[in-house]
Amino acid sequence: MFSISKLLSTSYRAITASSAALLLSGIMISSASAADIATTYDNSCAACHDSGALNAIKKGDSAKWQQLIKQKSMPTLIKSVKGGMPQMPAGGLCDKCSDDDYRKLIEYMSK
C-alpha cells in the first residue's frame with residue numbers, strides 16, 4: 001500500500017510540474033507573438049497609422065477602430081488590407097503577413 005501511495009504522489013508531482021512548464025511556455029510564446037506583432041506594426045503600419053497620414057485611423061483610436069470592425073467585419077477588413085485600398089498598398093507594406101497576422105495587427109491598432 002505504501003508503494004502505491006508513493007507512486008501516486010510521484011506521478012502527481014510530475015504531472016503538476018509538466019503542467020506548470022506547459023503553461024509557462026504558452027505564456028512565453030504569447031509574449032513573443034505580441035512582440036512580433038508590435039515589431040511588424042512598427043515596420044509595416046506605423047508609417048501611416050501612427051500619424052493618421054492619408055486618413056489612416058490612428059493606432060489607439062479604439063472608438064474609430066471598433067466602429068470600422070463593426071461596420072465592415074474583421075474578415076472584410078482583412079480582405080481589404082490584402083487587396084489594398086486607394087490610400088493603402090496591397091498588404092499594407094507587410095508582404096509576409098498571414099490573415100491571422102493582419103487580424104492581430106488590426107486588434108493591436110484598435111487598443
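These numbers were taken from a predicted model, which means no experiment stands behind them. (Residues numbered from 1 in each chain as written. Predicted model: local features only at pLDDT ≥ 70, side-chain atom pairs only at ≥ 80, totals over all residues. Heavy atoms only, no water.)

Novice: Any chance you could break down the state of the cysteines for me, citing the residues and the numbers?
Specialist: Tallying each qualifying case throughout the model produces one disulfide. A sulfur-sulfur distance of 1.9 Å marks the disulfide that ties Cys-94 to Cys-97. Where Cys-94 bonds to Cys-97 through sulfur, the torsion about that S-S bond is close to 85°, and the disulfide is right-handed. Taken as a pair, Cys-94 and Cys-97 share a single burial class, namely buried. The cysteine Cys-45 is free of any disulfide, with Cys-97 supplying the nearest cysteine sulfur at 6.9 Å. (Disulfide = S-S within 2.5 Å. Buried < 20%, exposed > 50% of the residue type's maximum accessible area, 1.4 Å probe, protein only.)

Novice: If you had to explain the confidence of the model for the protein chain to someone new, which residues and values would you point to?
Specialist: Averaged over all residues, the pLDDT of the protein chain equals 81, while 69% of them reach at least 70. Put simply, helix α1 (residues 2–49) is where the protein chain has its lowest mean pLDDT, 62, and helix α2 (residues 62–72) is where it has its highest, 97. Counting interchain partners and residues more than four positions distant, the pLDDT-below-50 stretch residues 16–32 has zero contacts. (pLDDT = per-residue confidence, 0-100. Helix = DSSP H or I, 4+ residues; strand = E, 2+ residues; numbered from the N terminus. Contact = heavy atoms within 4.5 Å.)

Novice: Any details on the packing of α2 against helix α3 (residues 74–83)? Residues and values, ideally.
Specialist: For any two helices packed against each other, one specifies the inter-axial angle together with the distance between the axes. Running from amino to carboxyl end, α2 crosses α3 at an angle of 100°, the nearest separation of the two axes being 6 Å. Relative to α3, α2 is oriented roughly perpendicular. For the pair α2 and α3, contact is made by Leu-68, Ile-69 and Lys-72 and by Met-74, Thr-76 and Leu-77, respectively. Classifying every residue of the contact of α2 with α3 by side-chain character gives four nonpolar, one polar and one charged. (Axes fitted to C-alpha atoms, helices over the stretch in contact; angles between N-to-C directions. Parallel < 35°, antiparallel > 145°, perpendicular 65-115°, else oblique. Nonpolar A, V, L, I, M, F, W, Y, C, P; charged D, E, K, R; others polar.)

Novice: Outline the side chain of His-49, listing residues and values.
Specialist: On the secondary structure map, His-49 appears in helix α1. A distance of 2.6 Å separates the side chain of His-49 from the backbone oxygen of Ile-57, its partner in a polar contact. When near neighbours in sequence (up to four residues on either side) are disregarded, His-49 contacts Tyr-41, Ala-56, Ile-57, Lys-58, Lys-59, Trp-65 and Met-109. (Polar contact = N/O pair within 3.5 Å; in protein donor to acceptor, adjacent residues only side chain to side chain.)

Novice: Please set out the layout of surface pockets residue by residue, giving values where relevant.
Specialist: Computed from the structure, the largest pocket encloses a volume of approximately 480 Å³. Lining the largest pocket we find 26 residues, and of these His-49, Ala-56, Trp-65, Met-85 and Met-88 sit closest to its centre. Secondary structure elements with two or more residues in the lining of the largest pocket: α1, α2, α3 and α4 (99–109). (1 Å grid on protein atoms, 1.4 Å probe; cavity = no way out; pocket = protein on both sides within 12 Å on 5 of 7 lines; lining within 4 Å. Points joined across faces, edges and corners; volume = space filled by probe spheres on them.)

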